[in-house]
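Each chain, written out:
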Amino acid sequence: MNYLNKAFDTFNTAVVSPIYHAIFTTLTILASVIMFKDWDRQNTTQIFTEICGFVTILSGTFLLHKTKETVEGIY
């Protein structure tokens, strides 16, 4: 929590929140796979859909961060 507060002090909330969300989602999926052997009970379509959702979240985070850098460079 200390590092999250430092990130909010240093960077814009519009950048920190999505990155925090992406990291939290990554760790949640990883913990689910390890602790509950989640992918053992899923078929290929479900695994593919979960990975596509994960890639969508990471892509959105990247685009949000990239757009923020571009806007700062203009002004």
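For the structure itself, consult the block above.
Only a predicted model underlies this, so the values are computations on that prediction, with no experimental measurement involved.

Trainee: Help me out: how do you make sense of the side chain of T25 in this one?
Mentor: Within the secondary structure layout, T25 lies in helix α2 (residues 13-36). Only 2.8 Å separates the side chain of T25 from the backbone oxygen of H21, close enough to count as a polar contact. Excluding residues within four positions of it along the chain, T25 makes contact with F54 and I57.

Trainee: What's the story with the side chain of T61 in this structure? I'm lost.
Mentor: Mapped onto the secondary structure, T61 falls in helix α3 (residues 44-74). With near-sequence residues (within four places) excluded, T61 lies in contact with P18, I19 and A22.

Reading the values: the criteria
Residues numbered from 1 in each chain as written. Predicted model: local features only at pLDDT ≥ 70, side-chain atom pairs only at ≥ 80, totals over all residues. Heavy atoms only, no water. Helix = DSSP H or I, 4+ residues; strand = E, 2+ residues; numbered from the N terminus. Polar contact = N/O pair within 3.5 Å; in protein donor to acceptor, adjacent residues only side chain to side chain. Contact = heavy atoms within 4.5 Å.

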